[in-house]
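# Fold and geometry: a report
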Amino acid sequence: MPLKSEEDRGWVLECENCGSERMLYVGYDISDFEKIYIFCSKCGRNTMHRIIGYKDGELSPLE
Ligand SMILES: [Zn+2]
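Residues numbered from 1 in each chain as written. Predicted model: local features only at pLDDT ≥ 70, side-chain atom pairs only at ≥ 80, totals over all residues.

### Side note on the pairing of strand β2 (residues 21-24)
Let me state the cut-off plainly: By this definition, two strands are paired if DSSP reports at least two bridges between them. What counts as a helix is a DSSP run of H or I of at least four residues, what counts as a strand is a run of E of at least two, and both are numbered from the N terminus.
Here four bridges tie strand β1 (residues 9-15) to β2, and the two strands are oriented antiparallel to one another. Considered in β2, the bridge of W11 is made with L24. Connecting β1 to the antiparallel partner β2 that follows it, the hairpin turn spans five residues, and G19 within it adopts a positive phi of roughly 85°.

Structure representation (structure tokens):
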């Protein structure tokens with residue numbers, strides 16, 4: 001099974017404060033979370049992020 005690069009596979013999150021998107025590379029399923037409190041490099045602090053979907057080469061948006 002070929003390994004994909006990390007940049008191609010992860011959760012796509014959107015900062016609710018500044019609207020910027022970031023990737024979160026975790027192996028577990030976070031789709032049960034409605035929102036996730038995580039560091040935003042643009043805001044320079046932890047902010048609430050909306051989970052947009054899971055990206056595995058292409059983006060699979062959450063319902
Ligand atoms: Zn932000």
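### Section: the pairing of strand β5 (residues 58-61)
Bridging between strand β4 (residues 45-56) and β5 involves four bridges; their strand directions are antiparallel. Looking at the pairing, K55 lines up with L59 of β5. Linking β4 back to β5 in an antiparallel pair, the connection comprises one residue, with G57 at a positive phi of about 85°.

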